[in-house]
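Residues per chain, in single letters:
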Amino acid sequence: MGGFQEQFLRGLETTVLVAAISGTLGMLVGLAGAAAKLSRFRVLRMIADAYTTIVRGVPELLVILLVYFGGTAALTALVGSYVEVSALWAGVFSLTVVFGAYATEIFRGAIQAIPRGQTEAALSIGLAPWQTWLLVILPQMARIALPALCNLWISLLKDTSLISIVGLSDIMRVAVVGAGSMRDPLTFYLAASALYLMLTSVSLLTFRLVERRMLAPLH
Amino acid sequence: MQTAIDIHSEDGRHGRGAATASLRAENVHKTLGTHPVLRGVSLAAYPHEVISVLGASGSGKSTLLRCLNLLEVPDSGEIWFRDEKLDIRPPIGQNGARIGDARQARRVRASLGMVFQSFNLWPHKTALENVTEGPVHVRGLTRRAATERAENYLRKVGLIERRDHYPRHLSGGQQQRVAIARALAMEPEVLLFDEPTSSLDPELTGEVLRTIRALAEEGRTMILVTHELSFAREVSSRVAFMQGGRIEEEGPPDEVLSRPASAGLRRFLDPAC
Ligand SMILES: Nc1ncnc2c1ncn2[C@@H]1O[C@H](COP(=O)(O)OP(=O)(O)OP(=O)(O)O)[C@@H](O)[C@H]1O
Ligand SMILES: [Mg+2]
């Protein structure tokens, strides 16, 4: 594959980096989103509803393009001369927004699945609401949400490939460039597939281990 | 018919001279949805009293108990903890009644142990952890001191050897005894029980009732919602019979249960007549 091994390795690094950052930030967005959806303030509920409805209703690829070109236009207007946003950060931002929307729904459902009595028991001994969240709600929510989060993470890993369209040098980009220049597209696409498959397999395995450990007390 | 308030002022505050109630509800009203569940309830628990609250399903017993520790906030009326009035903000427009002073509510709740019908143990924590959370995070004890305290109360309810079990691996009766230990570990002033044996198989109610009886014999102040009539008669210093969101009748168990004055209580005690 003539020197492309090293490029693939760097592409792999980029893919993992983008997924890890978007996933982490997306989890935080999801927590905030779920808290907003379950809040007693109507405005927060409406904002969160609008967010998840819009983001889940638009193809991921379009979200990326909108963020990239929208970001570039905004930055250009702001600075006064043409500035292009970085593909990496536009990608991270887009995938965070997407991941966050789905995570919001997952977390909301998981929190609602926790019986009301769990919170009441915590309040009844005098725990503050934030302590109740930390000690009682979040640990139980995590257990319930884990399988769905695993699926979401797998989707995220694969969705990073969409960012290659705005020029991110991830696995996908290396494969496309290699396929175009070396007259042997199949090999490059197979190699890329193998890398994605490896990432998703490792993820699935890790989730299964975590799940087994976390759910142990409940069985 | 006398109103609940009349009965109360004869029998309650004035009859007891200057003594301050540990916990007192005064003319409490509460509507849930569109249903007026409590319609002017007054009830006081004096130190070392065991009060059993009886009444048909839907008469408002749980709601009353939940109003006492502000899990439900009364629409009107007062809740007093010793000589302190709880800060309650009445409903305004669409918004329901709410707690005015969150800090006070937390402090008072920590002094009112509550035991629920469905136990409500935290499934991701062991028996011991269920009992130590309060002492650590509310009372500020060190882990070590809290563990020691929790072990004492688990021993007291006869479950010290189950300290590292998760709720899932305990029987209903054992779970409820852990829940009682969890409440006791806060060293509360008053214990509130909401039908503590109603979700237990008959063969498991005995162990929980024995635990509660032991607490009554220690002289703890308790309010107990129960359907166990003979148990109520045995442990209570006073019983209150609720009907339609009011306390219909209240007094010493032998009097009230043997010679019920109201038609409602007569029907409740003997559905056949
Ligand atoms: N959110 C709600 N909206 C409307 N009605 C409610 C709501 N919650 C409870 N109720 C009603 O309030 C009434 C009193 O409830 P409560 O739980 O206090 O009764 P209870 O005396 O404890 O009955 P039980 O013996 O069945 O436990 C019931 O008729 C119930 O249906
Ligand atoms: Mg009830």
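Look above for the structure.
These numbers were taken from a predicted model, which means no experiment stands behind them. (Residues numbered from 1 in each chain as written. Chains lettered and ligands numbered in written order. Predicted model: local features only at pLDDT ≥ 70, side-chain atom pairs only at ≥ 80, totals over all residues. Heavy atoms only, no water.)

## Let's talk about the environment of Ile223(B)
Along the chain, Ile223(B) turns up in strand E10 (residues 221-225). Between the alpha carbons of Ile223(B) and Arg238(B) there is a distance of 9.6 Å; along the sequence they are 15 residues apart. (Helix = DSSP H or I, 4+ residues; strand = E, 2+ residues; numbered from the N terminus.)

## A closer look at the sheet that holds strand E8 (residues 112-115) of chain B
Residue and element names in this part refer to chain B. Overall, mixed pairing links the six strands, which are arranged E8-E9-E10-E3-E11-E12 in an open sheet. At either margin of the open sheet sits one strand with a lone partner, and together these are E8 and strand E12 (246-251). Averaged over all pairs of adjacent strands, the angle between strand axes in this sheet comes to 20°, irrespective of strand direction. Direction of pairing for strand E3 (residues 50-55) relative to strand E11 (residues 238-243): parallel, over a ladder of five bridges. Directly across from Gly-55, in E11, lies its bridge partner Met-242. Contacting E3, E8, strand E9 (190-194), E10 and E11, helix H2 (residues 61-68) runs over the sheet at an angle of about 150° to E9. (Pairing = 2+ DSSP bridges. Axes fitted to C-alpha atoms, helices over the stretch in contact; angles between N-to-C directions. Contact = heavy atoms within 4.5 Å.)

## A closer look at the site of ligand 1
Residue and element names in this part refer to chain B. Ser-57, Gly-58, Lys-61, Ser-62 and Thr-63 are the nearest of the 14 residues found near ligand 1. Across the complex, the protein chains shield 60% of the 640 Å² of accessible surface that ligand 1 would expose by itself. Contributing elements (two or more residues each) for the shell around ligand 1: strand E2 (35-45) and H2. If you tally residues by element for the shell around ligand 1, the top one is H2, at three residues. Here the residues of the shell around ligand 1 sort into three nonpolar, nine polar and two charged. (Near = heavy atom within 4 Å. Areas by Shrake-Rupley, 256 points an atom, 1.4 Å probe, with all protein chains shown as cover. Nonpolar A, V, L, I, M, F, W, Y, C, P; charged D, E, K, R; others polar.)

## Topic: the interface of chain B and chain A
At the junction of the two partners, chain B supplies 24 residues and chain A supplies 20 residues. Approximately 2,000 Å² of surface area, both sides summed, lies buried where chain B meets chain A, with 61% of it carried by carbon and sulfur atoms. For the chain B face of the interface with chain A, the top three residues by lost area are Arg106(B), Trp122(B) and His124(B), together amounting to 28%. If you look at where chain B meets chain A, you find one salt bridge. The shortest N-O distance in the salt bridge between Glu120(A) and Arg66(B) comes to 2.8 Å. Scanning the region where chain B abuts chain A turns up six residue pairs in polar contact (both at pLDDT 80 or more). Those elements that place two or more of their residues in the side of chain B that touches chain A are helix H3 (102-110), E8 and helix H4 (127-137) of chain B. The class makeup of the residues in the side of chain B that touches chain A is eleven nonpolar, six polar and seven charged. (Buried area = accessible area lost by both parts, 1.4 Å probe. Salt bridge = Lys/Arg side-chain N within 4 Å of Asp/Glu carboxyl O. Polar contact = N/O pair within 3.5 Å; in protein donor to acceptor, adjacent residues only side chain to side chain.)

## Notes on the layout of surface pockets
Residue and element names in this part refer to chain A. Here the largest pocket defines a volume of roughly 1,500 Å³. Lining the largest pocket are 34 residues; nearest its centre among them are Arg-40, Arg-116, Thr-119, Leu-123 and Pro-129. Across the lining of the largest pocket, the residue classes break down as 20 nonpolar, seven polar and seven charged. (1 Å grid on protein atoms, 1.4 Å probe; cavity = no way out; pocket = protein on both sides within 12 Å on 5 of 7 lines; lining within 4 Å. Points joined across faces, edges and corners; volume = space filled by probe spheres on them.)

## Side note on unusual backbone geometry
Residue and element names in this part refer to chain B. Within the chain, Asn-120 stands out as a residue other than glycine whose phi angle is a positive 55°. With respect to the helices and strands, Asn-120 occurs in the loop between E8 and H4. Classification of Asn-120 by relative accessible area gives buried; the value is 9%. Its identity is not glycine, yet Glu-195 carries a phi of approximately 45°, on the positive side. The residue Glu-195 is located in the loop between E9 and helix H7 (202-217) in this model. Look at Glu-195 and you get buried, because its relative accessible area is 11%. (Buried < 20%, exposed > 50% of the residue type's maximum accessible area, 1.4 Å probe, protein only.)

## Quick notes on the nonpolar core
As a rule of thumb, soluble globular proteins bury nonpolar side chains together. Residue and element names in this part refer to chain A. Phe-8, Val-18, Phe-107, Leu-149, Ile-163 and Ile-171 are the most contacted members of the largest nonpolar core, which has 44 residues in total. Secondary-structure elements contributing two or more residues to this core are helix H1 (4-37), helix H3 (60-79), helix H4 (87-112), helix H6 (129-159), helix H7 (171-182) and helix H8 (185-215). The leading source of residues in this core is H4, at eleven residues. Ignoring any residue separated from it by four or fewer positions in sequence, one finds Ile-163 in contact with Val-18, Ile-64, Ala-87, Gly-91, Leu-95 and Leu-168. (Core = buried A, V, L, I, M, F, W, Y, C linked by side-chain atoms within 4.5 Å.)

## What to know about the environment of Arg267(B)
Secondary-structure assignment places Arg267(B) in helix H10 (residues 263-269). Considered as a pair, Arg267(B) and Val50(B) are 217 residues apart in the sequence and their alpha carbons are 24 Å apart.

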